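Here is what each chain is made of, one letter per residue.
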Amino acid sequence: MEGRNQTHVTEFILLGLSDQGEQQSLLFWPFLSMYLVTFTGNLLMVLAIITDSCLHTPMYFFLSNLSFSDICFTSTTIPKMLLNIQTQSRVISYEGCLSQMYFFMLFGGLDHFLLTVMAYDRFVAICHPLHYMVIMNSKFCGILLLGSWVLSIFNSLLHDLLILRLSFCTKLEILHFFCELKQVIQLACSDTFLNDLAVYLACGLLGVVPLTGILSSYSRIVTSILRISSVRGKYKAFSTCGSHLSVVSLFYATGLGVYLSSAAAQNSRTSAIASVMYTVVTPMLNPFIYGLRNRDIKQALGKPFSRGTFSAYKILCFRIKT
């Protein structure tokens with residue numbers, strides 16, 4: 001086993017989504033397009049919510065933070081992937097890999113907690129409408145957001161610190177387009193018991209607990225809605241949480257699909273391809289889901305364009321008169 005242990009690692013090799021260099025090059029423009037759509041769509045959501053005073057409510061407060069988290073989430077992986085394709089390089093430094101894992105887990109975990117908090121917000125709005133503004137006051141919303149950040153930071157920092165204690169083998173190739181935690185752990189030559197234990201605990205903290213909270217909230221929401229006598233009232237209640245439920249379903253369905261595919265498939269690249277769904281596609285679709293299903297968001301997004309059109313019209317009329 002000569003030369004097997006390596007206490008100081010300088011870089012890892014990201015093998016990407018394909019072994020073929022030509023196929024890797026073909027991925028550049030689709031991923032660049034998806035990243036730009038994701039960045040622009042979520043940024044517009046944040047700006048619309050910030051600038052429109054009508055959207056300064058708890059629900060849109062958490063939605064703006066979710067959009068910001070999605071921007072950061074995709075920005076931790078896709079730009080590096082695009083840079084590697086463009087430069088024909090698959091290298092990522094040891095420090096860069098640790099940083100990428102840290103921010104990927106940070107904003108991925110933040111997404112989990114924000115979706116859970118938004119489910120609780122919808123539960124209070126529908127099941128306790130008269131006490132909604134009292135319960136979901138600005139101080140409590142700030143505490144919920146702060147708690148989500150603290151838990152996400154603690155989880156990602158714990159994993160990074162546990163990685164620092166590992167020594168790695170000489171073969172440092174990662175069958176992924178970013179530094180995925182489980183694959184980095186598999187490259188280690190030293191004992192990974194604590195790392196594996198932390199991964200299982202994180203699955204419970206970021207997966208089981210939030211999903212249980214979401215399902216519990218929506219079970220009570222559905223029960224309350226069914227008690228409403230009027231059809232119009234039921235439709236209005238369902239429409240207020242329809243967008244969030246669509247995003248939750250998409251997020252957890254894709255995440256579960258990746259987990260099941262990686263567990264069933266021997267080839268880790270299958271998992272890498274499947275992970276594109278929750279790392280790229282889901283954050284890209286979130287603004288469309290909320291924008292298309294939410295009249296307030298559509299009106300907020302349309303105001304700048306309508307003001308710009310009106311200003312241009314006045315300028316044109318002034319020039320014609322002069």
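Residues numbered from 1 in each chain as written. Predicted model: local features only at pLDDT ≥ 70, side-chain atom pairs only at ≥ 80, totals over all residues. Heavy atoms only, no water.

Labelled according to an unreviewed UniProt entry, the protein chain appears under the name Olfactory receptor 7a17-like, originating from Lynx pardinus. Entered under Subcellular location (unreviewed entry) in the UniProt record, the comment concerning the protein chain runs "Membrane". (UniProt positions renumbered as here; feature names shortened; annotations may be inferred.)

Let's shift gears to the UniProt feature "transmembrane region" (unreviewed entry) in the protein chain. Summarizing the sequence annotation, UniProt attributes the feature "transmembrane region" (unreviewed entry) to residues 27-50, 62-82, 102-120, 140-158, 197-216, 237-260 and 272-292 in the numbering used throughout. Segment residues 27-50 splits into 96% helix and 0% strand. End C-alpha atoms: 34 Å apart. Taken end to end, residues 62-82 has its terminal C-alpha atoms 30 Å apart, with 90% of it in helix and 0% in strand. (Helix = DSSP H or I, 4+ residues; strand = E, 2+ residues; numbered from the N terminus.)

If you walk through the whole model with that rule in mind, you get one disulfide. Disulfide partner of cysteine 97: cysteine 179, at an S-S distance of 2.1 Å. For the disulfide bridge between cysteine 97 and cysteine 179, the dihedral angle about the S-S bond is near -130 degrees, and by the sign convention the bridge is left-handed. Residue cysteine 97 is found in helix H5 (residues 94-127), and its partner cysteine 179 is found in the loop between strand E3 (173-174) and helix H8 (181-186); the two are separated by 82 residues along the sequence. (Disulfide = S-S within 2.5 Å.)

As summarised here, the arrangement of the three strands in space is E2-E1-E3, forming an open sheet in which the pairing is mixed. A single partner strand is all that each edge strand has here, and the edge strands are strand E2 (91-93) and E3. Here H5 sits on the sheet in contact with strand E1 (11-14), E2 and E3, set at roughly 80 degrees to E2. (Pairing = 2+ DSSP bridges. Contact = heavy atoms within 4.5 Å. Axes fitted to C-alpha atoms, helices over the stretch in contact; angles between N-to-C directions.)

Further remarks concern a nonpolar patch on the surface. Together, Ile153, Leu157, Leu161 and Leu164 make up a nonpolar patch on the protein surface, roughly 340 Å² of accessible area in all. Mapping leucine 161 onto the fold places it in helix H7 (residues 138-164). (Patch = residues over 30% accessible without salt bridge, like charges linked within 9 Å, V, L, I, M, F, W, Y side chains within 5 Å. Areas by Shrake-Rupley, 256 points an atom, 1.4 Å probe, with all protein chains shown as cover. Salt bridge = Lys/Arg side-chain N within 4 Å of Asp/Glu carboxyl O.)

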